[in-house]
Amino acid sequence: MKNTFKEVPNEYKITSLVNQNTYLVEGELKEWKGATAEVYSTISSTENYQPTLLGTVPDLGENEALEALSSAVKAFGKGQGLWPTMKVEGRIAAMEKFVVQMKTKRTEIVKLLMWEIGKALADSEKEFDRTIEYIYDTIEDYKQMDRDSAKFQKNSGVHAHIRRGPLGVILCLGPYNYPLNETFALLIPAIIMGNTTVFKPAKHGVLLLTPLLEAFRNSFPAGVVNVIYGRGRTLATPIMKTGKVDVLALIGNSKSANAIQENHPQKNRLRLVLGLEAKNPAIVLEDADLDLAINECVSGATSFNGQRCTALKIIYVHENIIEEFNKRFSDKVDALKFGNPWEQGVELTPLPEPGKTAYIQELIDDATNKGAKIINKKGGETTENYIFPSVLYPVSKDMRVYEEEQFGPVTPILSFKNIEEPLDDMAESNYGQQVSVFGSDVNTLSPLIDTLVNLVCRVNLNSSCQRGPDVYPFTGRKDSAVGTLSVHDALRSFSIRTFLASKDTDYNNAILKELLDKKTSNFISTDYIL
Ligand SMILES: O=C[C@H](O)COP(=O)(O)O
């Protein structure tokens, strides 16, 4: 593939470096005078290819990691802190103050999203807007929490008033592919539920948080949000070793999650909220609408270059339609447009991880050495920062691309004769997030869907896999997830149901009435007196 360099339009040029020289602890943006790490984009600003320097971030060490932890521990204050005891209205006001400021940073953040992780303009804007919506929806859901779910023994002689309480100190680690939206899918519900947090952004997609640090600082009480920069393990290891982290919230891979949680001295006490790998399959049945199936499979496998945990990472096609499917799928992949994120109609964009093209090439070499072919014409063509999507067929179980989560532009295809073949593979897989099934006969689909829901957590009928809308539960079986995210579920994942109980006497009832009449009580009131 030719180098497709095009002059960067003025509005998207990097005119000044983002030199982030502070980190956020105890409500203070502390100046850092030690070592820094340079942040590069794999997108070139010049015709002769070279990565573009975007700025620097502090390369913090153990002392600063522990300082951030102490700040969060102090803010939680053994349950007595200002934030965990604050009334619902106070927390909502703080979150609203934050989101109002965040909205003013859209242009700046969208531009950094494009440069830092190569996300196309329209998708970067979508990520920003989706995150704003996520915050507002979270606030609304928080107001309504538990109003429809409390059940207590009637006529027990005891009144119960329910609330959701915080869990304590949360260590949050976000992913590079959604450095804003998925990171905030952890951080926002964790904060609003009254927890205090230490947050380390991903290596790519780190500078785009700079415009938000002041908003974090001035919206929440000191120590509620602490933001540190540096290498994940260097910072997370000493933090976990203290045993003072109550929840590890991470979106990334299970290897990192395991290594980090291992350091906690009382692992049984540590709660986990994890979004991990997936290998979501598409199953294309013989009677599928092929136009629809191919369109959905191409976008499902290639959007954001396959760097989505929800991407279609393996495709099973019935043997009677495999030839036609492969031909049309490959042609459609070859027609995808590669370019810089701000280019009109761009569908494939530079990969932010410099080593990614080599890894994808390894998977391709391994598969082709074992008998698969690259069946699309442009498959495997490279530039300095990209490798064009390869469509591999026939893929077998001894190939790495069958097993590994490629998280990049390569799509393995297998054919099947009996539906038990893909179903058995799914049952044996280490993952269990979602599946897409394409077909039209309800008599076939109905029992199939009944089985699929036992293997994964979301079945997409005649459509590709995705996380949204963000109010839907987002989780997975086996190594794909621990806990559930989404607007509604994350509030529950980051809290515990607690209640105030009192014997049904005139004396208690008088006190309760006064307590609950206070509009700002964290306890949901009379609805729950049974
Ligand atoms: O990387 C995993 C994301 O949760 C994918 O989200 P998405 O389906 O909205 O692209």
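All values reported here derive from a predicted model rather than from experimental measurement. (Residues numbered from 1 in each chain as written. Predicted model: local features only at pLDDT ≥ 70, side-chain atom pairs only at ≥ 80, totals over all residues. Heavy atoms only, no water.)

Participant: Can you tell me about the overall build of the protein chain, naming the residues and giving the values?
Facilitator: Helices and strands together make up the secondary structure of the protein chain, namely 16 helices and 24 strands. For the protein chain, whose C-alpha radius of gyration is 25 Å, the value lies close to the compact-globule estimate of 24 Å for 530 residues. With respect to the principal axes defined by its C-alpha atoms, the protein chain has extents near 80 × 60 × 40 Å. Counting over 530 residues, the protein chain shows a buried share of 55%. For the protein chain, contacts bridging at least 24 residues in sequence account for 74% of all contacts bridging at least 6. Counting every atom, the protein chain has about 22,400 Å² of accessible surface; 49% of that belongs to carbon and sulfur. Averaging the locations of the 59 positively and 67 negatively charged side chains of the protein chain gives two centres separated by 6 Å. (Helix = DSSP H or I, 4+ residues; strand = E, 2+ residues; numbered from the N terminus. Rg over C-alpha atoms; globule rule 2.2 N^0.38 Å. Buried < 20%, exposed > 50% of the residue type's maximum accessible area, 1.4 Å probe, protein only. Contact = heavy atoms within 4.5 Å. Areas by Shrake-Rupley, 256 points an atom, 1.4 Å probe, with all protein chains shown as cover. Lys, Arg positive; Asp, Glu negative; His and termini not counted. Charge placed at Lys NZ, Arg CZ, Asp CG, Glu CD.)

Participant: Explain the domain arrangement of the protein chain residue by residue, including any values.
Facilitator: Each assigned domain of the protein chain is listed here: domain 1 (12–276 + 484–492) and domain 2 (281–470). Computed from C-alpha coordinates alone, the two centres of domain 1 and domain 2 are separated by 31 Å. Taken residue by residue, the interface counts 23 residues in domain 1 and 21 residues in domain 2. Interface area for domain 1 against domain 2, summed over the two sides, is near 2,000 Å², with a carbon-plus-sulfur share of 59%. Summed over the shared surface of domain 1 and domain 2, the number is 2 salt bridges. Between Asp 470 and Arg 130 there is a salt bridge whose closest N-O contact spans 2.8 Å. At the junction of domain 1 with domain 2, the criterion picks out 11 residue pairs in polar contact (both at pLDDT 80 or more). Only strand E4 (36–44), helix H3 (106–117), helix H4 (121–144) and helix H5 (181–192) provide two or more residues apiece to the side of domain 1 that touches domain 2. Among the residues making up the side of domain 1 that touches domain 2, the classes are represented as 13 nonpolar, 6 polar and 4 charged. (Domains from an automatic or database assignment. Buried area = accessible area lost by both parts, 1.4 Å probe. Salt bridge = Lys/Arg side-chain N within 4 Å of Asp/Glu carboxyl O. Polar contact = N/O pair within 3.5 Å; in protein donor to acceptor, adjacent residues only side chain to side chain. Nonpolar A, V, L, I, M, F, W, Y, C, P; charged D, E, K, R; others polar.)

Participant: Account for the layout of surface pockets, with residues named and values stated.
Facilitator: Empty space within the second largest pocket amounts to approximately 760 Å³. Lining the second largest pocket are 33 residues, with Asp 123, Lys 126, Tyr 178, Ser 303 and Arg 308 sitting closest to its centre. A per-element tally of the lining of the second largest pocket places H4 first, with 7 residues. Tallied by class, the residues present in the lining of the second largest pocket amount to 12 nonpolar, 9 polar and 12 charged. A domain split of the lining of the second largest pocket shows at least three residues from each of domain 1 (12–276 + 484–492) and domain 2 (281–470). (1 Å grid on protein atoms, 1.4 Å probe; cavity = no way out; pocket = protein on both sides within 12 Å on 5 of 7 lines; lining within 4 Å. Points joined across faces, edges and corners; volume = space filled by probe spheres on them.)

Participant: So what's going on with the nonpolar core? Which residues, and what values?
Facilitator: In this structure, Phe 184, Phe 216, Phe 220 and Phe 494 are the most contacted members of the largest nonpolar core, which totals 100 residues. Built from parts of two domains, this core gets at least three residues from each of domain 1 (12–276 + 484–492) and domain 2 (281–470). The contacts of Phe 216, once residues within four sequence positions are left out, are Leu 24, Phe 98, Phe 184, Leu 187 and Val 225. Counting residues in each nonpolar core, the second largest holds 55 residues, with Phe 338, Val 395, Leu 445 and Cys 465 among its members. (Core = buried A, V, L, I, M, F, W, Y, C linked by side-chain atoms within 4.5 Å.)

Participant: Give me the lowdown on the confidence of the model for the protein chain, citing residues and values where you can.
Facilitator: Detail in the predicted coordinates should be disregarded across regions flagged by low pLDDT. Chain-level pLDDT for the protein chain is 94 on average; 95% of the residues reach the 70-or-more range. In the predicted structure, residues 525–530 sits below a pLDDT of 50 and forms 18 contacts with residues beyond four places in sequence or in another chain. For this predicted complex, the interface confidence score (ipTM) comes to 0.98, while the overall pTM stands at 0.95. (pLDDT = per-residue confidence, 0-100.)

Participant: I'd like a rundown of the environment of Gln 101, residues and numbers included.
Facilitator: Relative to the elements of secondary structure, Gln 101 occurs in helix H2 (residues 88–103). On the basis of relative accessibility, which here comes to 23%, the residue Gln 101 falls in the partly exposed class. As a C-alpha pair, Gln 101 and Val 284 span 183 residues in sequence and 46 Å in three-dimensional space. Those residues in contact with Gln 101 that lie beyond four places of it in its chain are Ala 215, Asn 218 and Ser 219. Within polar-contact distance, the side chain of Gln 101 engages the side chain of Asn 218 at 2.8 Å. There is a polar contact of 3.2 Å between the side chain of Gln 101 and the side chain of Ser 219.

Participant: Please set out the packing of aromatic side chains residue by residue, giving values where relevant.
Facilitator: Using the criterion set out here, one finds 12 aromatic pairs in the structure. A ring pair is formed by Phe 98 and Phe 220, whose centres lie 5.9 Å apart and whose planes are at 40°; its orientation type is tilted. You can see Phe 98 sitting in helix H2 and its partner Phe 220 sitting in the loop between helix H6 (210–219) and strand E9 (225–227), a full 122 residues away along the chain. Judged by its relative accessible area of 5%, Phe 220 falls in the buried class. On the basis of an interplanar angle of 40° and a centroid distance of 5.0 Å, the ring pair of Trp 115 and Trp 342 is categorised as tilted. A residue pair is termed long-range when its members are at least 10 positions apart, and Trp 115 in helix H3 and Trp 342 in the loop between helix H10 (322–334) and helix H11 (356–369) qualify at 227 residues. (Phe/Tyr/Trp six-rings, centres within 6.5 Å; stacked < 30°, edge-to-face > 60°.)

Participant: I'd like a rundown of the pattern of salt bridges, residues and numbers included.
Facilitator: Applying the stated rule across the entire model yields 23 salt bridges. Notably, a salt bridge pairs Glu 26 with Lys 74, separated by 3.1 Å at the nearest N-O pair. Residue Glu 26 is located in the loop between strand E2 (22–25) and strand E3 (28–31), and its partner Lys 74 is located in helix H1 (residues 62–76); the two are separated by 48 residues in the primary sequence. A relative accessible area of 41% places Glu 26 in the partly exposed class.

Participant: Please give an account of the side chain of Thr 52 that cites residues and values.
Facilitator: Mapping Thr 52 onto the fold places it in strand E5 (residues 51–58). Taking the relative accessible area as the measure of exposure, Thr 52 reaches 9% and is therefore buried. Of note is the side chain of Thr 52, whose polar atom sits 2.8 Å from the side chain of Ser 45. Not counting the four nearest positions on each side in its chain, Thr 52 is found in contact with Val 39, Tyr 40, Ser 41, Ile 43, Ser 44, Ser 45 and Trp 115.

Participant: Help me get a handle on the state of the cysteines, residues and values and all.
Facilitator: According to the stated counting rule, one finds 0 disulfides in the structure shown. Looking at Cys 457, it has no disulfide partner, and the nearest cysteine sulfur is the one in Cys 465, 12 Å off. On the basis of relative accessible area, Cys 457 is assigned to the partly exposed category, the value being 37%. (Disulfide = S-S within 2.5 Å.)

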